[in-house]
Each structure stands twice: as structure tokens, then as C-alpha cells.
Amino acid sequence: DPERGGVLCVRCYRADRGERGVVPLSPAVLALLRACGQEPFARLRERQVAPAALAEAERVMRHYIAYHLEREVRSDTFLRRLIAHPPAGSEPAGG
């Protein structure tokens with residue numbers, strides 16, 4: 001719940017899931033996000049994370065940022081399009 005500044009317990013989530021801004025979060029992604037706040041970037045890069053968990057973490061963080069800015073970040077949309085359709089002749093990410 002971005003309005004409250006973080007994760008809700010199961011009981012509070014069930015009570016508030018219809019509220020604006022409240023989105024579900026799996027335990028695996030909660031652990032990943034906690035690690036992002038505690039571990040150095042080099043160590044995070046070594047983690048093996050399922051693509052579905054990465055997608056969920058990205059969705060939750062985009063939602064959190066947009067909630068606090070009260071609008072979607074346009075550069076975020078641009079970057080998503082660039083990742084999905086890289087310019088001809090460019091190297092893939094991480095290459």
C-alpha cells in the first residue's frame with residue numbers, strides 16, 4: 001500500500017484490497033525487494049530470480065512510483081518501449 005508506505009499484513013490486505021493503490025505482492029518478491037534495499041548492487045546481480053518475479057517486482061515498483069508522483073513517468077514508458085523494440089544494430093542488454 002503506497003499510501004501507508006509499505007507492505008500490509010494479510011489481514012490488512014484483505015480488508016483494504018479494494019482501496020486505490022493496494023496491489024498484491026508475493027512473498028518471493030517481498031524478499032527480493034527487501035534484498036534490493038539491503039544488498040550491494042554487485043551481489044544483487046548474482047541472484048537467480050525467476051522472470052515472473054522480476055516482472056512482478058517491476059510492476060509493483062512502477063505502481064509505487066506512479067502513485068507518489070500522481071502520474072506515470074513518461075521516461076519509464078519510453079524505456080519499456082526501447083527494451084521491447086531495440087533500435088536496429090544495437091547490442092542486447094547485458095551484451
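Look a little higher up for the structure.
On a predicted model such as this, the values are computed, not experimentally measured, just so you know. (Residues numbered from 1 in each chain as written. Predicted model: local features only at pLDDT ≥ 70, side-chain atom pairs only at ≥ 80, totals over all residues. Heavy atoms only, no water.)

Draft legend 1. Region of the structure containing the overall build of the protein chain. From N to C terminus, the protein chain includes 5 helices and 0 strands. Listing every helix and strand of the protein chain by position from the N terminus yields α-α-α-α-α. Across the 95 residues that make up the protein chain, the buried fraction comes to 18%. The long-range fraction of contacts in the protein chain, counting pairs at least 24 apart against all pairs at least 6 apart in sequence, stands at 46%. When the accessible surface of the protein chain is split by element, carbon and sulfur atoms take 56% of a total near 7,700 Å². (Helix = DSSP H or I, 4+ residues; strand = E, 2+ residues; numbered from the N terminus. Buried < 20%, exposed > 50% of the residue type's maximum accessible area, 1.4 Å probe, protein only. Contact = heavy atoms within 4.5 Å. Areas by Shrake-Rupley, 256 points an atom, 1.4 Å probe, with all protein chains shown as cover.)

Draft legend 2. Quick look at the pattern of salt bridges. Taken as a whole, this structure holds 3 salt bridges when the rule is applied. Put simply, R43 and E39 hold a salt bridge, and the shortest N to O gap is 4.0 Å. One salt bridge in this structure joins R62 and E58, with 1.9 Å as the shortest N-O distance. A residue pair is termed a helical-turn pair when its members lie 3 or 4 positions apart in one helix, as R62 and E58 do in helix α4 (residues 51-69) at 4 residues. (Salt bridge = Lys/Arg side-chain N within 4 Å of Asp/Glu carboxyl O.)

Draft legend 3. Representation of the packing of helix α2 (residues 27-38) against α4 within the structure. Two elements in contact, α2 and α4, have axes separated by 9 Å at closest approach and are oriented at 70 degrees. With respect to each other, α2 and α4 are oriented roughly perpendicular. The hand of the α2/α4 crossing is right-handed. Of the residues in α4, those in contact with V29, L32 and L33 of α2 are A53, L54, E56, A57, V60 and M61. (Axes fitted to C-alpha atoms, helices over the stretch in contact; angles between N-to-C directions. Parallel < 35°, antiparallel > 145°, perpendicular 65-115°, else oblique. Left-handed = near helix turned anticlockwise from the far one by under 90°.)

Draft legend 4. Here's a closer look at the side chain of E56. Relative to the helices and strands, E56 resides in helix α4. Residues contacting E56, with those up to four places away along its chain left out, are P24, L25, S26 and V29.

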